[in-house]
Amino acid sequence: TTGADEQALWGRMAIGGADGNSIHLIANYYPGASNPPTGPVIKGIQSPMVYSRSINGGNSWNLQSVMLPGYDSTRTLYGGAEEYSIDADLTTVAILHGGLGEDLTLWKSIDNGTTWTRTLVDSFPYAPDPDLNGTNGDTVVTNDGGMSVVVAPNGTAHVAFSTERMLDDTPGDGTFSIFPDDINLVYWNDNTKQQVNIPITTA
């Protein structure tokens with residue numbers, strides 16, 4: 001649950017459950033009245049993404065603002081606002097989280113959000129902090145936080161995400177450069193686990 005100066009913002013919701021009465025909600029755990037808004041730090045992640053679940057159509061919530069397994073500062077330092085996606089079909093739930101200079105991670109549950117399997121869709125070589133770890137003076141490809149996950153009726157999680165290049169030529173200075181003209185769109189699913197580049201054409 002959230003504290004007095006904190007709240008779950010920028011929610012994304014999916015409806016599932018065998019009876020259709022389960023609500024799965026992800027949101028950004030963000031500061032409210034705190035000034036400056038530094039954000040809560042949980043498991044080493046500032047303003048992390050959190051998961052909540054109701055199994056009775058929202059009348060009560062048996063899971064409230066919990067962290068998904070394996071989601072900690074080992075690979076991620078910041079939750080990021082709206083850098084996530086969720087979908088559900090019956091008792092299968094899929095949650096996708098990423099961001100510029102971060103891994104793109106899929107959590108999938110086949111028991112309506114009770115237990116989860118974590119899979120790296122795309123691994124960023126300088127996680128959890130590209131600024132401190134540097135990028136060896138060269139550009140590196142990263143997901144840019146634009147993503148979507150869809151659960152098919154057979155339970156397969158289908159993922160699409162956009163990428164761009166970034167550069168940190170001075171590690172530790174708190175800045176890096178991005179190259180928005182060098183973008184790409186990628187498709188992936190949790191059966192083949194293969195990334196497929198989707199050509200982008202411009203007029």
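Residues numbered from 1 in each chain as written. Predicted model: local features only at pLDDT ≥ 70, side-chain atom pairs only at ≥ 80, totals over all residues. Heavy atoms only, no water.

A. Region of interest: the overall build of the chain. What the chain contains, in helices and strands, is one helix and 14 strands. Going through the 203 residues of the chain one by one, you find that 42% of them count as buried. Restricting the contact set of the chain to residue pairs at least 6 apart, pairs at least 24 apart contribute 51%. Working note: accessible area of the chain is about 9,900 Å², and carbon and sulfur atoms make up 51% of it. (Helix = DSSP H or I, 4+ residues; strand = E, 2+ residues; numbered from the N terminus. Buried < 20%, exposed > 50% of the residue type's maximum accessible area, 1.4 Å probe, protein only. Contact = heavy atoms within 4.5 Å. Areas by Shrake-Rupley, 256 points an atom, 1.4 Å probe, with all protein chains shown as cover.)

B. Focus on the sheet that holds strand 13 (residues 177-189). Strand order in the open sheet formed by four strands is 11-12-13-14, with antiparallel pairing between adjacent strands. Single-partner strands in this sheet number two, and they are strand 11 (140-151) and strand 14 (196-198). Averaged over all adjacent pairs, the angle separating strand axes in this sheet is 30 degrees, with direction ignored. Pairing geometry for strand 11 and strand 12 (residues 157-167), over nine bridges, is antiparallel. (Pairing = 2+ DSSP bridges. Axes fitted to C-alpha atoms, helices over the stretch in contact; angles between N-to-C directions.)

C. Looking closely at the pairing of strand 13. Bridge count between strand 12 and strand 13: 10 bridges; the pairing is antiparallel. Of the residues in strand 13, the one forming a bridge with H158 is N189. The turn linking strand 13 back onto strand 14 is made up of six residues, and K193 within it adopts a positive phi angle of 55 degrees.

D. Inspection of the sheet that holds strand 7 (residues 84-89) at higher detail. The strand order 7-8-9-10 describes an open sheet built from four strands, whose pairing is antiparallel. Where the open sheet ends on each side, the last strands, each with one partner, are strand 7 and strand 10 (117-122). With direction set aside, neighbouring strand axes in the sheet form an average angle of 20 degrees.

E. Spotlight on the packing of aromatic side chains. Per the stated rule, a full pass over the model turns up three aromatic pairs. A ring pair is formed by Y51 and W116, whose centres lie 5.2 Å apart and whose planes are at 80 degrees; its orientation type is edge-to-face. One end of the pair, Y51, is in strand 5 (residues 49-54); the other, W116, is in the loop between strand 9 (104-109) and strand 10, and 65 residues separate them in sequence. Accessibility expressed as a relative area gives 15% for W116, which makes it buried. Residues F124 and Y126 carry aromatic rings whose centres are separated by 6.0 Å and whose planes lie at 70 degrees to one another, so their mutual orientation is edge-to-face. The class of Y126 is buried, set by a relative accessible area of 16%. (Phe/Tyr/Trp six-rings, centres within 6.5 Å; stacked < 30°, edge-to-face > 60°.)

F. Region of interest: unusual backbone geometry. Here the residue pair A127 and P128 is connected by a cis peptide bond, since its omega of 10 degrees sits within 30 degrees of zero. When you line up the elements, P128 lands in the loop between strand 10 and helix 1 (130-133). Phi angles above zero are rare outside glycine, and L90 is one such case at about 55 degrees. Along the chain, L90 turns up in the loop between strand 7 and strand 8 (92-97). When its relative accessible area of 51% is taken as the criterion, L90 is described as exposed. The phi dihedral of K193 falls on the positive side, at around 55 degrees, and the residue is not glycine. With respect to the helices and strands, K193 occurs in the loop between strand 13 and strand 14.

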